[in-house]
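So you can see what is in the structure, the chains are spelled out below.
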Amino acid sequence: MQQQRAARRAGLCAHRALVILRQPVDVQRQVGHGQQAGCLVGPFGQLQAGRGKQVAKAGVFPFARVVEAVEVEVRHRQAVGRGVRLDHGIGRALDAAFNAQRAQQVAHEGGLARAQIALQFDEGVAQRGQRGQAARKGGGVVLGAPGERRGRCGFYNLAVAGSGAQLDSLELWTQVQDAARALGFSHVGVADVDLSSAEPGLLAWLNNGFHGRMDYMAAHGLKRARPAELVPGTVSVITARMDYLPRDTPPGWQALEFDRLQRPGEGIVSIYARGRDYHKVLRARLQKLADHIAAAVGPFGHRVFTDSAPVLEAELAARSGQGWRGKHTLVLSRAGGSMFFLGEIYIDLALPRTAPASEHCGQCTACIDICPTRAIVAPHRLDARRCISYLTIEHDGAIDEALRPLIGNRIYGCDDCQLACPWNKYAQRSALPDFDVRVGLRGGELAALFGWSEAEFLRRTEGGPIRRIGHVRWLRNIAVALGNALAALPAGDARRAPLLAALQARADHPHALVREHVQWAMGR
């Protein structure tokens, strides 16, 4: 009854009042008892009906994405400018905006398409609070208020309470961009969480079995296309790209890489895998970027991803302006080609969305034409079961014999579609030493690589992406390449002897997968 009376006094119908905290509110008290500290997104987004004595009816979506109306009465110690200071952190996730037009814009970005955002001033708050004195009655923050509500429009952020400064989302985004560049990211963007238009394509891809034996792709279903289901409370997704061409990459590198494919005895490792594991590099730097945001706005809900969970990263990247989806399904940028990694931060704050990039592939089909296994079955449609990257990395069983000759001397991944892409003449060198080439992973001879013991394999690949496939699959891949090298060299060629000797040394390997591929190779 107290909640209903409070709602009527606030000008709200009782059934519209979602959460009401009676003032005075202890500044140390957590919203909803036991929910996340100092957080609108966590407490209100996670509250269930009946949890917490203050809850009349649950229905608040992440970041002030309000279904009905919310009123929170707070105790104010100080007003900031012509706003109100929110001491106990209710407004941490709210974006400071001190004019009606900007408030409506931010409200729309946060999912309040038809809501009116208003700050309610109780008597005495604006005047007494501005001098740092506690208000007698307290003020209220109303989100999604009815039309008859009067007051100054705006969102408010915990940084206001903590530092006495206003923080606008555009200002915050500028800070994020500067911090990202300092951390080695070439570009950052912001995507919405509504990926519903991508769901039909994802389902069709899965239904065709194009994901091969990557069962995790199907296991997560449409959660991959629904960020707010994967991480409850997510309102925005920060996307980031990081260039990975090694610092010593010479001019004309694409032609040089194609030349390597014509040397049968040389093992080719995809360029991205020749240095440190990008998962480690990006994850650490994305977390530092999140820490920078936290320093500006206070603790906030977030989760960092680097190709490590059911995330439609290429779709998010395209929607946030990182580039467009090329016909090989990778993201392409006019400024950086496709030789970059992608990472994401799912956040419970509303940031201004960055505009998507337009497509610039035109009639070009270079990536489709160059694919050795014809894995790109149509523009923007990849059958992973035929892709050399999938076969040599994700696939854990025997490689289809019909595809083995097409793999050539590629022993980990494949770059052909990127090497053929004209936009990669604009690919940028990384500024980080992390992606410098490790010894043996560029120009290494197949026979020598095949001779690595498991201990040597683990030592040489420590901290790198290759280690994840394990020694057995490493040997499987090289056995295929050795067989293809034997087939490419004419009988009597002196270069055949060391290749055969390497294979014979593994003919009795304890693992059946290795033995089978060695036998196939020796028959070439």
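Read on for an overview of the structure. Values in this document were obtained by computation on a predicted structure and should not be read as measured data.

1. Some details on the overall build of the protein chain
For the protein chain, the helix and strand inventory stands at 21 helices and 15 strands. Sorting the 524 residues of the protein chain into buried and exposed places 55% on the buried side. Looking at the protein chain alone, contacts between residues at least 24 apart form 76% of all its contacts between residues at least 6 apart. Looking at the protein chain as shown, the accessible area adds up to about 22000 Å², and 50% of this sits on carbon and sulfur atoms.

2. Remarks on helix 11 (residues 278-297)
If you check helix 11, its first and last C-alpha atoms are 28 Å apart, about what 20 residues at 1.5 Å a residue would give, namely 28 Å. Count one or two residues on from helix 11 and you reach Gly298, which has phi positive near 95 degrees.

3. What to know about the packing of aromatic side chains
Under the counting rule described, the total for this entry stands at 12 aromatic pairs. Measuring from centroid to centroid gives 5.9 Å for Tyr272 and Tyr278, while their planes differ by 75 degrees, and the two rings are edge-to-face. Judged by relative accessible area, which is 18%, Tyr272 ranks as buried. Cluster of aromatic residues (ring-pair linked, three or more members): Tyr244, Tyr272, Tyr278, Phe341, Tyr412 and Phe435. The side chain of Arg241 reaches across the aromatic face of Phe340, ending 5.3 Å from its centre. One residue, Arg506, lies across the ring of Phe450, its end atom 5.7 Å from the ring centre.

4. A few points about unusual backbone geometry
Its identity is not glycine, yet Thr329 carries a phi of approximately 85 degrees, on the positive side. Within the fold, Thr329 resides in the loop between strand 10 (324-325) and strand 11 (331-332). The phi torsion at Arg374 lies on the positive side, around 55 degrees, for a residue other than glycine.

5. Comments concerning helix 20 (residues 496-505)
Inspection of helix 20 places Arg496, Leu499, Ala502 and Leu503 among the buried residues, and these make up the whole buried set. Buried residues along helix 20 cover an arc of 130 degrees about the axis, so they all sit on one side. Taken together, the buried residues of helix 20 touch helix 17 (446-450), helix 19 (470-488) and helix 21 (512-522).

6. Considerations on the state of the cysteines
The full count for this structure, using the stated rule, is 0 disulfides. Cys364 takes part in no disulfide bond, and the closest cysteine sulfur, belonging to Cys367, lies 6.5 Å away. Cys364 gets classed as partly exposed once you look at its relative accessible area, which sits at 31%. Take Cys367: its relative accessible area is 9%, and that puts it in the buried class.

7. Notes on the pairing of strand 12 (residues 340-347)
With respect to burial, strand 12 is a largely interior element, 8 of its 8 residues being buried. Burial along strand 12 is two-sided: Phe340, Leu342, Glu344 and Tyr346 and Phe341, Gly343, Ile345 and Ile347, pointing in opposite directions, are all buried. As paired elements, strand 7 (residues 236-243) and strand 12 share 8 bridges and run antiparallel to each other. Bridge pairing in strand 12 places Ala240 opposite Gly343. Here strand 9 (residues 302-305) runs beside strand 12; their pairing, made up of 4 bridges, is antiparallel. Directly across from Arg303, in strand 12, lies its bridge partner Tyr346.

8. Some thoughts on the sheet that holds strand 12
One open sheet holds the 4 strands; their spatial order is 6-7-12-9, and the pairing between them is antiparallel. Both outer strands of the open sheet, strand 6 (187-191) and strand 9, are each paired with one neighbouring strand and no more. Geometrically, the sheet is characterised by an average inter-axis angle of 20 degrees between neighbouring strands, direction not taken into account.

9. Concerning the nonpolar core
Core analysis: the biggest nonpolar cluster contains 99 residues, and Phe450 and Trp474 have the highest contact counts within it. If we skip the residues at most four places from it in the chain, Trp474 touches Ile411, Leu449, Trp452, Phe457, Ile466 and Ile469.

10. Remarks on the environment of Val235
Within the element layout of this structure, Val235 appears in the loop between helix 9 (227-230) and strand 7. Along the sequence, Val235 and Val193 sit 42 residues apart, while their C-alpha atoms lie 6.3 Å from each other.

11. As for the packing of helix 19 against helix 21
Look at helix 19 against helix 21: their axes get within 8 Å of each other, and the N-to-C directions meet at 5 degrees. Considering the angle they form, helix 19 stands roughly parallel to helix 21. Contacts from Val472, Leu475, Arg476, Ala479, Val480, Gly483, Asn484 and Leu486 in helix 19 reach Leu513, Val514, His517, Val518, Trp520 and Ala521 in helix 21. Taken together, the residues that form the contact of helix 19 with helix 21 break down as 10 nonpolar, 3 polar and 1 charged.

About the cut-offs
Residues numbered from 1 in each chain as written. Predicted model: local features only at pLDDT ≥ 70, side-chain atom pairs only at ≥ 80, totals over all residues. Heavy atoms only, no water. Helix = DSSP H or I, 4+ residues; strand = E, 2+ residues; numbered from the N terminus. Buried < 20%, exposed > 50% of the residue type's maximum accessible area, 1.4 Å probe, protein only. Contact = heavy atoms within 4.5 Å. Areas by Shrake-Rupley, 256 points an atom, 1.4 Å probe, with all protein chains shown as cover. Expected span 1.5 Å × (residues − 1). Phe/Tyr/Trp six-rings, centres within 6.5 Å; stacked < 30°, edge-to-face > 60°. Lys NZ or Arg CZ within 6 Å of the ring centre and 35° of its normal. Arc of directions from axis to C-beta. Disulfide = S-S within 2.5 Å. Pairing = 2+ DSSP bridges. Axes fitted to C-alpha atoms, helices over the stretch in contact; angles between N-to-C directions. Core = buried A, V, L, I, M, F, W, Y, C linked by side-chain atoms within 4.5 Å. Parallel < 35°, antiparallel > 145°, perpendicular 65-115°, else oblique. Nonpolar A, V, L, I, M, F, W, Y, C, P; charged D, E, K, R; others polar.

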